[in-house]
Structures are given as structure tokens and as C-alpha cells.
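# Remarks on the overall topology
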Amino acid sequence: LTTMCSNKRGALIVVEGVDRSGKSTQCKKLVEALEQANFPAKLMTFPDRTTLTGKLIDDYLKNKDCKLNDQAIHLLFSANRWENVEKMKSLINCGVTLVIDRYSYSGIAFSAVKKVMNLDWCKQPENGLPKPDLVFLLTISLEEMLTRPGFGNERYENMSFQNNVANMYNSLCSDKDNWVKINAAGSIEEVHKKLVDISLNTIREVESLPLKSL
Ligand code: T5A
Ligand code: NA
């Protein structure tokens, strides 16, 4: 990898939003489009269910007999990101743009709405992780969300919880210059085109700037 390293860094692009807003669909298409435009790109997903912490998280989300309390699962979601830090940094520093399906803001929003832990407490374990250059927040009405397939039996997949998460995302988003809200109710192609255009601008803007930390 080192021999192929570019002297320009890649961008860190995150896609957030409530369940079924289309994050996974858009992340995949975005990586393909960037590669076609000759910008090396790679998809990452959180939670990464393949790692040690990821397996515990998977059991928790599937409501298996999992006794983790709210604080413990919050810290596991964060640890699941920390497990991937070296990999993320080396790819970005080698010129690869990382497109990440959920990141710290999922961790913060989904935990803070439980009211057991305050917002500041929820943000602390994310401090020091690589800071995204761009965060897309896919917004969708609850009515529109209901028309989409895939609402399963995982924990958090209920309307009132998702509504609270949407409000929490909105408050995290306000006054942040690297956040872009995208109306995700448009067609897959319409949403995709917006993401590609904005991402290409960001990739060019940050290629000579250092990667920051949260
Ligand atoms: N979580 C996660 C935490 O609590 N803390 C954390 O730190 C993290 C990282 C993980 C759960 O864990 C929580 C949040 C979640 O509850 P997940 O594995 O990310 O969840 O969730 P998934 O179930 O995989 O994905 P989502 O439900 O969030 O869906 P997506 O990815 O937003 O939507 P997508 O792309 O799969 O699309 C859903 C359906 O809609 C269609 C698609 O074809 C698909 O059928 N669709 C569209 N239809 C019409 N128009 C469009 N524009 C469409 N775009 C997609
Ligand atoms: Na998804």
C-alpha cells in the first residue's frame, strides 16, 4: 500500500440518518461513482459487526439474550470505531476517500435520546477519532419512511424512537459547517447526484489539508 501512496489525502465522508433513509444504498453508489471519476474510494460501515465488539453489538441489536446496559453498549459502539482507527487513517493518508455508513453521530444520537446519559457524556468517548470532512444527513418524514421495506425486529426499530433520533440529529446538525442536509425522499438517482457533486468538491478542497480529530 505504501508504495502506491498518493501525496494527496483522501476525504472522510459520513452518511447519517434515521433507519431506512437510504444510507447503505447511497454509500455504495457513492463509492462506485467516485472510483469511476478516478478518485480511489472505500466503503466502511458502523457498527462493524465482524470484530470482537461487533459480535456483542450484533447480539444486542438482534435482541438476543444480551444483558448490556445503556452505558456499556454506548461504549462498545464507540470502541467498535476505535478498533478501526489505524485502518481509517492509513487509507485516508494514502489518498483513499472513505465513505462511512453511520459514525459517531449515530452513537451520540441513538444513546442521547434514551435520556439515561446526557449529551456531553455521550460525546466524550468519540473525542480523538478522525473528524469527518463532510457529513450528509439524509432527512425523511416518518410517513415516507413507513413506505420503505426493511423495518425489522432489531432494537430501536420503532417509530417513536426513530422520531426522537431524527430530532436529535437535527440538533447535532445545526451550526455545523461541514454538515449537509439532503432530502432523502427524492429518487435514489436524485439523491445520489447531490451526494456525488458535493463529495467531489470536498475531496478537492481537503486534499492538502490535515485530517482533524473530533
Ligand atoms: N447504532 C449505530 C447505535 O445505536 N450506535 C452507533 O454508534 C451506531 C453506529 C445499526 C443500528 O445501530 C444503531 C443504529 C441502528 O439502529 P444498521 O446496521 O446501520 O443499524 O441499520 P440497517 O438496518 O442496516 O440500515 P437502515 O435501516 O439504517 O437503512 P438505510 O441504510 O438507511 O437504508 P437502505 O439504503 O438500506 O434502504 C432501505 C430501503 O429503502 C429503499 C432501499 O431499496 C431499501 O429497500 N430505498 C429507497 N426507496 C425509495 N426511494 C429512495 N430514495 C430509496 N433509498 C433507499
Ligand atoms: Na443501513
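Residues numbered from 1 in each chain as written. Chains lettered and ligands numbered in written order. Predicted model: local features only at pLDDT ≥ 70, side-chain atom pairs only at ≥ 80, totals over all residues.

The chain goes by Thymidylate kinase in an unreviewed UniProt entry, where it is assigned to Phyllotreta striolata. UniProt lists a comment for the chain under the heading Sequence similarities (unreviewed entry), and it reads "Belongs to the thymidylate kinase family." Looking at the Pathway (unreviewed entry) heading of the UniProt record, one finds this comment for the chain: "Pyrimidine metabolism; dTTP biosynthesis." (UniProt positions renumbered as here; feature names shortened; annotations may be inferred.)

## Digging into the environment of K194
By secondary structure assignment, the location of K194 is in helix α9 (residues 188-206). The exposure class assigned to K194 is partly exposed, which follows from the 16 C-beta atoms found within 10 Å. Spatially, the C-alpha atoms of K194 and K123 are 29 Å apart, while their sequence positions differ by 71 residues. (Helix = DSSP H or I, 4+ residues; strand = E, 2+ residues; numbered from the N terminus. Buried ≥ 20, exposed ≤ 12 C-beta atoms within 10 Å, placed from the backbone.)

## Some remarks on the sheet that holds strand β4 (residues 134-139)
The 5 strands are arranged β2-β3-β1-β4-β5 in an open sheet whose pairing can be described as parallel. Each of the sheet's edge strands pairs with one partner strand only, and the pair in question is β2 (41-45) and β5 (179-183). Strand-to-strand twist in this sheet, taken as the mean axis angle between neighbours without regard to direction, amounts to 20°. Relative to strand β3 (residues 97-101), β2 runs parallel, the two sharing 5 bridges. If you follow K42 over to β3, its bridge partner there is L98. (Pairing = 2+ DSSP bridges. Axes fitted to C-alpha atoms, helices over the stretch in contact; angles between N-to-C directions.)

## With respect to the site of ligand 1
Close to ligand 1 lie 24 residues; G22, T25, F77, G107 and F110 are nearest. For the shell around ligand 1, the secondary structure elements donating two or more residues are α1 (23-36), α5 (104-112) and α9. The residue makeup of the shell around ligand 1, split by class, is 10 nonpolar, 9 polar and 5 charged. (Near = placed C-beta within 6 Å. Nonpolar A, V, L, I, M, F, W, Y, C, P; charged D, E, K, R; others polar.)

## Quick word on helix α3 (residues 70-82)
For α3, built from 13 residues, the straight-helix expectation of 18 Å at 1.5 Å per residue is met to within 8% by its first-to-last C-alpha distance of 19 Å. Buried residues of α3: I73, H74, F77, S78, N80 and R81, and no others. Take α3 and look down its axis: the buried residues cluster within an arc of 150°, on one side only. Buried residues in α3 make contact with α2 (52-61), α5 and α6 (119-123). (Expected span 1.5 Å × (residues − 1). Arc of directions from axis to C-beta. Contact = placed C-beta atoms within 7 Å.)

## Brief notes about α2
Listed in full, the buried residues belonging to α2 are G54, L56 and I57. The buried residues of α2 occupy one face: seen down the axis, they fall within an arc of 160°. Turned more than 90 degrees off the buried face of α2, the exposed positions are L52 and K55. Elements that come into contact with the buried residues of α2 comprise α3.

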